[in-house]
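# A look at the structure
Below, each chain spelled out in residue letters.
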Amino acid sequence: PAQTKYLSELYQNDEYRQDDSRNKLSGFFIDNLEAVDDTVKQMSKVFLLVGIALAIFSALLLSNFISVSISQKQKDIGILRALGAKGNEVFKIFVVETVVIVSVCIFVATITSIVICNVINDVMTQSIGAELFVFGIGSFVLLALISVITAFLATYFPVNKAAKKKPIDSIRTIC
């Protein structure tokens with residue numbers, strides 16, 4: 001590890017000498033470091049794009065699920081509103097439903113991420129002798145934060161629309 005750290009520091013040294021030449025290491029080890037660096041950069045871009053696409057897809061899917069749930073409970077919402085429930089109380093009912101869904105999703109995503117990171121690290125360790133991915137507390141917090149924001153945005157608009165309806169309009173809705 002000490003030798004690897006030393007070579008890595010030399011590889012990343014961009015200081016020029018006085019005659020404007022630069023020290024550039026080469027060889028099998030440095031070529032492997034460059035290959036790993038390129039692989040990590042490419043995989044980071046791919047994972048970012050896949051993550052954004054999945055976040056958009058999950059937001060649309062959750063929004064659709066909540067919209068269907070609201071449309072099936074339209075009469076119940078109208079009755080609750082007629083009995084004196086405020087819009088924010090109706091909103092809370094669906095937020096609790098979303099919290100349960102998001103909690104299960106975060107749990108499944110965390111387990112899946114840990115498994116995928118370990119599998120990729122095992123393959124990379126066997127081929128180049130290095131681990132590339134670490135799933136720690138920071139990764140978990142980022143995953144949970146993105147999940148909560150996505151769920152909130154997917155829930156807010158359909159529930160807000162239903163909560164603002166007059167009770168009589170909700171009761172008259174034919175499901």
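Above this text is the structure in question.
Note that the structure is predicted; figures quoted are calculated from it, not measured. (Residues numbered from 1 in each chain as written. Predicted model: local features only at pLDDT ≥ 70, side-chain atom pairs only at ≥ 80, totals over all residues. Heavy atoms only, no water.)

## Concerning the packing of aromatic side chains
Selection rule: Two rings from Phe, Tyr or Trp (for Trp, the six-membered ring) form a pair when their centres are within 6.5 Å of each other. A pair whose planes differ by under 30 degrees is stacked, one over 60 is edge-to-face, and the rest are tilted. Per the convention used, a helix needs a DSSP run of H or I reaching at least four residues, while a strand needs a run of E reaching at least two, with both numbered from the N terminus. A simple rule labels every residue: compare its accessible area, found with a 1.4 Å probe on the protein chains alone, to the largest value its type can have, and call it buried under 20%, exposed over 50%, or partly exposed in between.
Applying the stated rule across the entire model yields two aromatic pairs. When the centroid spacing of 5.9 Å and the interplanar angle of 75° are considered together, the rings of Phe91 and Tyr156 count as edge-to-face. Taken together, the residues span a long stretch of sequence, with Phe91 in helix α4 (residues 87-128) and Tyr156 in helix α5 (residues 137-164) at a distance of 65 residues. Of the residues examined, Phe91 reaches a relative accessible area of 19% and is grouped as buried. For Tyr156, a relative accessible area of 31% gives the class partly exposed. In this structure an aromatic cluster arises from ring pairing among Phe91, Phe152 and Tyr156.

## As for the environment of Leu33
Its place among the elements puts Leu33 in helix α2 (residues 28-72). In this structure, the C-alpha to C-alpha distance between Leu33 and Ala130, residues 97 residues apart in sequence, is 9.9 Å.

## Focus on the side chain of Thr110
How we decide: Should any heavy atoms of two residues lie within 4.5 Å, those residues are counted as being in contact.
Mapping Thr110 onto the fold places it in helix α4. Residue classification places Thr110 among the buried residues on the basis of a relative accessible area of 12%. Excluding its chain neighbours within four sequence positions, the residues that come into contact with Thr110 are Phe135, Phe140 and Leu143.

## Observations regarding the nonpolar core
Defined as follows: The definition of a nonpolar core used throughout is a set of buried Ala, Val, Leu, Ile, Met, Phe, Trp, Tyr and Cys residues joined through side-chain atoms within 4.5 Å.
The biggest cluster of nonpolar side chains holds 17 residues, and the ones touching the most others in it are Ile70, Ile77, Phe94 and Val159. For this core, the secondary-structure elements that each account for two or more residues are α2, α4 and α5. Residue contributions to this core peak at seven residues, all from α5. When near neighbours in sequence (up to four residues on either side) are disregarded, Phe94 contacts Ser69, Ile70, Lys73, Ile77, Thr155 and Val159. The next biggest cluster of nonpolar side chains, apart from the first, holds six residues, and it includes Val36, Cys117, Met124 and Phe133.

## Looking at helix α3 (residues 74-82)
The cut-off we apply is this: The directions considered for the arc run from the helix axis to the C-beta atoms.
Restricting attention to buried positions, one finds in α3 the residues Gln74, Ile77, Gly78 and Arg81. The buried residues of α3 occupy an angular sector of 100° when the element is viewed end-on, so they sit on one face. Looking one or two places after α3, you find Gly84, whose phi comes out positive at around 115°.

Nothing here speaks to function; it is all geometry.
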